[in-house]
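Tertiary structure, described
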Amino acid sequence: AQISRGPVTTEENDFLRTYGAELRAAHEHCERYRLGGRSRQELQSAWELYSTVFGWLTKQIGRMTSIELAHASPRLLQARDLELAVPGTYEATAPVVRIGSFARSMSVIGSKQRPRK
């Protein structure tokens, strides 16, 4: 699990401080299920913990207006000329539109539908 490697960015550190205990406990339930007697209760306990964290994250994301890449993903901020197509731009007969770099700050679009920006 990614939690075991420890936080790299300040955002990951904050995330682990806030949600780490629940996520570790849920992971332990999954491991006991996998290694042990396949108890349905272990899966139910993990599901309840993951659902709780998901609810908290959903509320937090709803309040976000921007993401500072320097704090959230310094490696992504430094990435250049990626061999990765821009989502939604691929056409079989046209040249691939690739990602050259990312902005330092990104706006969070508060829509569950396809963004129009």
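Residues numbered from 1 in each chain as written. Predicted model: local features only at pLDDT ≥ 70, side-chain atom pairs only at ≥ 80, totals over all residues. Heavy atoms only, no water.

**Here we look at the packing of helix 1 (residues 10–35) against helix 2 (residues 40–63)**
Remark: helix 1 packs on helix 2, axes separated minimally by 8 Å, with the N-to-C direction vectors making an angle of 155°. Between helix 1 and helix 2, the angle is such that the two are roughly antiparallel. Crossing of helix 1 against helix 2: the hand is left-handed. In contact with Phe 15, Tyr 19, Glu 22, Leu 23, Ala 25, Ala 26, His 27, His 29, Cys 30, Arg 32 and Tyr 33 of helix 1, helix 2 contributes Glu 42, Leu 43, Ser 45, Ala 46, Leu 49, Tyr 50, Val 53, Trp 56, Leu 57 and Gln 60. Partitioning the contact of helix 1 with helix 2 into residue classes produces 14 nonpolar, four polar and three charged. (Axes fitted to C-alpha atoms, helices over the stretch in contact; angles between N-to-C directions. Helix = DSSP H or I, 4+ residues; strand = E, 2+ residues; numbered from the N terminus. Parallel < 35°, antiparallel > 145°, perpendicular 65-115°, else oblique. Left-handed = near helix turned anticlockwise from the far one by under 90°. Contact = heavy atoms within 4.5 Å. Nonpolar A, V, L, I, M, F, W, Y, C, P; charged D, E, K, R; others polar.)

**Here we look at the pattern of salt bridges**
Using the criterion set out here, one finds three salt bridges in the structure. Note that Arg 34 and Glu 31 form a salt bridge whose closest N and O atoms lie 2.8 Å from each other. Of this pair, Arg 34 and Glu 31 both sit in helix 1, three residues apart, which is roughly one turn of that helix. Classification of Arg 34 by relative accessible area gives partly exposed; the value is 47%. Residue classification places Glu 31 among the partly exposed positions, given a relative accessible area of 25%. (Salt bridge = Lys/Arg side-chain N within 4 Å of Asp/Glu carboxyl O. Buried < 20%, exposed > 50% of the residue type's maximum accessible area, 1.4 Å probe, protein only.)

**Focus on helix 2**
With 24 residues, helix 2 extends 35 Å between its outermost C-alpha atoms, agreeing within 8% with the 34 Å of an ideal straight helix rising 1.5 Å per residue. Those residues of helix 2 that sit buried are Glu 42, Ser 45, Ala 46 and Val 53. Buried residues in helix 2 make contact with helix 1. (Expected span 1.5 Å × (residues − 1).)

**Some words on unusual backbone geometry**
The residue Asp 81 is not glycine, and still its phi comes out positive at about 50°. For Asp 81, the location among the structural elements is in the loop between helix 4 (74–78) and strand 2 (105–107). According to the relative accessible area criterion, Asp 81 is exposed, its value standing at 65%.

From the geometry alone we can't say anything about function, so treat these as descriptive.
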